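Take a look at the letters that make up each chain.
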Amino acid sequence: MTGHIEEVLFEERRSASGPSVGVITLNVEKTLNSLTLNMVQLMLVKLREWRERSDIACVFIHGSGQKALCAGGDVQALYRSSVEQPGGPCEYAEAFFEQEYRVDYLLHQFDKPVIVWGHGIVMGGGMGVFAAGSYRVVTEKTRLAMPEVTIGLYPDVGGSYFLNRMPGHTGLFLALTGASFNAADALYLGLAEGFVEHEYAGEVLNALTETVWSTGVAENQERVFDLMATFTARSKTALPAGNVEAAASEIAELCSADDDLTVINTIIAAQSDNPWIQKAAATLASGSPLSARLIAEQIRRCRGISLKAAFQAEVLLSTAIIRRPEFAEGVRALLIDKDKNPAWQHASPADVPQDLIDQHFTAPWAVNPLGDL
């Protein structure tokens, strides 16, 4: 069929020792490799197959083109699903969340090494794939963010788990403000294993196929770390300066209050000499007041819970959000009409009623769709 693009490519590259390196290429360059339901379904099938096969030694995931690993989920498709079935069930969107979280969870639990090449933009759903790798590579052009507050959503795809594991209050701050951060920040936050210049991507993949793999998973994880060490050593002078560590004490102060609303209002009112903090505060101020409250609540509720429980909590909250109008309005303003003037339901975070927040955390079904994770 002419003009048809395979949205995700799978390749098995035979290694020197026999087993293959499974390569996944997110292949929708024009949308910055944003994930569709079709893509996550194909990935789920292939990853389940590769996990069981003894002739697949490791998995390497990257994005096509030079701009992004993955800029998120296909938000326009989620928007259509939300507006076409107000009040839900929103079949496409709900199926997407469930399948996407299954892929992320499977990658987290994969056993075999999963190398994720986080070059360029890594946001939203892209962060879910990236965070799940056992060896997460950042490059000089890596730009990571969870900017869901700008569209009436919240950092999902395991964010409820990994944001809670970042130092101090940095996870909460990044979730509320959607602030973008780079390779150095990702290393500081515990979100990446190594910094490698992007020009070495092809060499890294070749080195993986030249590796003599073991039958033992632990040995293979070590082999990946040893192999990557030569590339990180070569790259270290190119590491850009980060923002998060330098702002850590200011972030701690902004997020020190015990209640969510005070934290949110303190960040919005921040008077900082640091332009990165100023920009972060401005994003929160213009974002969805409802989202800000849900983000803070979700992060607090998920503190200390297992990864599985976090995904189960996320599929519930995502379903609750997609069935209500705030998300569709956020997407309309940013991506559909592009007027950048969303009519949020509440004038400020203080105006969001507690019972509305509580409703978002009340299951709309008898059985959680991820109950069998």
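You'll find the structure just up there.
We now turn to the structure provided with this report. (Residues numbered from 1 in each chain as written. Predicted model: local features only at pLDDT ≥ 70, side-chain atom pairs only at ≥ 80, totals over all residues. Heavy atoms only, no water.)

1. Notes on the overall build of the protein chain
Argument step 1. When its secondary structure is counted, the protein chain shows 16 helices and nine strands.
Argument step 2. Relative to a compact globule of 373 residues, whose C-alpha radius of gyration would be 21 Å, the protein chain shows 20 Å and is just as compact.
Argument step 3. C-alpha atoms of the protein chain, sized along the principal axes, occupy 60 × 45 × 40 Å.
Argument step 4. Intrachain contacts of the protein chain at a sequence separation of at least 6 include 75% that bridge at least 24 residues. (Helix = DSSP H or I, 4+ residues; strand = E, 2+ residues; numbered from the N terminus. Rg over C-alpha atoms; globule rule 2.2 N^0.38 Å. Contact = heavy atoms within 4.5 Å.)

2. A few points about the sheet that holds strand 9 (residues 194-195)
Argument step 1. In spatial order, the strands read 1-2-3-5-7-9; together these six strands make up an open sheet with mixed pairing. Because the sheet does not close on itself, it has two edges, and the strands there are strand 1 (8-14) and strand 9.
Argument step 2. In the packing of helix 1 (residues 37-52) onto the sheet, contacts are made with strand 1, strand 2 (20-26) and strand 3 (56-63), and the angle to strand 1 comes to roughly 20°. (Pairing = 2+ DSSP bridges. Axes fitted to C-alpha atoms, helices over the stretch in contact; angles between N-to-C directions.)

3. Section: the nonpolar core
It is characteristic of soluble globular proteins that their nonpolar side chains tend to be buried jointly.
Argument step 1. Within the largest apolar cluster, 99 residues are counted, with the highest numbers of intra-cluster contacts made by L176 and L191.
Argument step 2. Setting aside its immediate chain neighbours within four residues, L176 contacts V149, V263, I264, I267, L284, A292, I295 and A296. (Core = buried A, V, L, I, M, F, W, Y, C linked by side-chain atoms within 4.5 Å. Buried < 20%, exposed > 50% of the residue type's maximum accessible area, 1.4 Å probe, protein only.)

4. Some remarks on the state of the cysteines
Argument step 1. Under the criterion given, the structure shown has zero disulfides.
Argument step 2. Among the cysteines around C255, which has no disulfide bond, C302 carries the closest sulfur, lying 17 Å off.
Argument step 3. Note on C255: relative accessible area 1%, which makes it buried. (Disulfide = S-S within 2.5 Å.)

5. Brief notes about the sheet that holds strand 4 (residues 68-70)
Argument step 1. Pairing within the open sheet is parallel, and its three strands lie in the order 4-6-8. The open sheet has two free edges, formed respectively by strand 4 and strand 8 (143-145), since each of these has just one partner strand. Neighbouring strand axes in the sheet, compared pairwise and without regard to direction, differ in orientation by 15° on average.
Argument step 2. Bridge count between strand 6 (residues 121-123) and strand 8: three bridges; the pairing is parallel. Looking at the pairing, I121 lines up with R143 of strand 8.

6. Brief notes about the environment of A68
Argument step 1. Its place among the elements puts A68 in strand 4.
Argument step 2. It is 9.0 Å that separates the C-alpha atoms of A68 and M123, two residues lying 55 residues apart in sequence.

7. A few points about the environment of R14
Argument step 1. Here R14 lies in strand 1.
Argument step 2. Apart from residues lying up to four places away in sequence, R14 is in contact with P19, S20 and T209.

8. Focus on helix 3 (residues 91-108)
Argument step 1. Between its first and last C-alpha, helix 3 extends 26 Å over 18 residues, near the 26 Å set by a 1.5 Å rise per residue.
Argument step 2. The buried fraction of helix 3 amounts to 14 of the 18 residues, a majority that puts the element mostly inside the structure. (Expected span 1.5 Å × (residues − 1).)

9. Brief notes about the packing of helix 11 (residues 260-268) against helix 12 (residues 275-286)
Argument step 1. Running from amino to carboxyl end, helix 11 crosses helix 12 at an angle of 120°, the nearest separation of the two axes being 8 Å. By the angle class used here, helix 11 and helix 12 are oblique. Taking contact as the criterion, the partners of I264, I267 and I268 in helix 11 are, on helix 12, A281, L284 and A285.
Argument step 2. A class-by-class count of the residues in the contact of helix 11 with helix 12 yields six nonpolar, no polar and no charged. (Parallel < 35°, antiparallel > 145°, perpendicular 65-115°, else oblique. Nonpolar A, V, L, I, M, F, W, Y, C, P; charged D, E, K, R; others polar.)

10. What about the packing of helix 3 against helix 14 (residues 307-322)?
Argument step 1. For the pair helix 3 and helix 14, interaxial distance at closest approach is 10 Å and the crossing angle is 165°. Between helix 3 and helix 14, the crossing angle belongs to the class labelled roughly antiparallel. Handedness of the crossing formed by helix 3 with helix 14: right-handed. Where helix 3 abuts helix 14, its residues A93, E94, F97, E98, Y101, D104, Y105 and H108 lie against L307, K308, F311, E314, V315, S318, T319 and I322.
Argument step 2. Among the residues making up the contact of helix 3 with helix 14, the classes are represented as eight nonpolar, three polar and five charged. (Left-handed = near helix turned anticlockwise from the far one by under 90°.)

Shape is all these values report; function is a separate question.
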